[in-house]
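Single-letter residue listing:
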Amino acid sequence: SFYTIEDWKLVTNLGYAHNKISGSRSITDFGFTNSHNTNGSDLWFGNRVYTPSIEGFRPFVGATAGRAKTNAYDESGSIQSARSVAEQTTNYKYAEGGVRYDQSIGDFSSSIELTRASDNYKTIDASLSYAVDKNSTVSVSGTRQTRQDLATNYVSLNVNIKF
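This is a predicted model, so every value here is computed, not measured.

Conventions used here
Just so you know, the residues in each chain are numbered from 1, in the order the chain's sequence is written. Predicted model: local features are reported for residues with pLDDT of at least 70 only, side-chain atom pairs are reported and counted for 80 or more only, and whole-chain, interface and lining totals are derived from all residues. Side-chain measures were taken over the full set of non-hydrogen atoms in the model, leaving aside hydrogen atoms and water. Exposure above 30% relative accessible area and no salt bridge define the residues that can form patches, which grow by joining like charges within 9 Å and nonpolar side chains of Val, Leu, Ile, Met, Phe, Trp and Tyr within 5 Å. Working definition of accessibility: Shrake-Rupley area with a 1.4 Å probe, residue cover restricted to the visible protein chains. By definition, a salt bridge exists where a carboxyl oxygen of Asp or Glu is found within 4 Å of a side-chain nitrogen of Lys or Arg. To qualify as a helix, a DSSP run of H or I must reach at least 4 residues; to qualify as a strand, a run of E must reach at least 2; elements of each kind are numbered from the N terminus. Strands are labelled as partners when DSSP assigns at least two bridges between them.

**Q** What's the story with a nonpolar patch on the surface in this structure? I'm lost.
**A** Together, Phe-108, Leu-128, Tyr-130, Val-132, Val-138, Val-140, Val-155, Leu-157, Val-159, Ile-161 and Phe-163 line one region of the surface with nonpolar side chains, adding up to about 1,200 Å² of accessible area. Counting only elements with at least two residues in the nonpolar patch, the list comes to strand 10 (122-133), strand 11 (136-147) and strand 12 (150-161). Top element by residues in the nonpolar patch is strand 12. It accounts for four residues.

Spelled out as structure tokens, the structure:
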């Protein structure tokens, strides 16, 4: 949901993601390699406050809480180092800050957002939106999120309806 007052914006986000997860690891000294595939889910609730626009730029701060679940899996590959991993559920919360840039041309708009969170994640998100009518928008977004040696890429399709 979006709430605007004097060009300040409060954005509330309730989300759910179904995740396809794959990974691999190796023990190079012994020549062992293993891989896995599984599924998971993520459910979250967050709020952000965006400042008034300064030539398309909007700094923001926010907070999010959620729960991530990864299903159990058995690794394939080298039997000497293969392992079975139990289902994992993690509750999380973090604060964040960043900047967003928006540009509109007719019924189309684009944005790019850079975020740094208190859990050390860095995120870049780019999106392209089309205004179907005055109350609804369809958009596609691409996101890259990094933290130390972990990187996540995802694409999403969103439909926003104003009530």
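**Q** Just checking my understanding: could you explain the pairing of strand 10 for this structure?
**A** Regular strands place side chains that alternate from one sheet face to the opposite one. In this structure, strand 9 (residues 108-117) lies alongside strand 10, joined through nine bridges in antiparallel fashion. Pairing of Phe-108 across the sheet is with Tyr-130, part of strand 10. As consecutive antiparallel partners, strand 9 and strand 10 are separated by four residues, and within that stretch Asn-120 has a phi angle of approximately 75°, a positive value. Across 11 bridges, strand 10 lies against strand 11 in antiparallel orientation. Paired with Lys-122 across the bridge in strand 11 is Thr-146. Turn length for the strand 10-strand 11 hairpin, with the two strands adjacent in sequence and antiparallel, is two residues.

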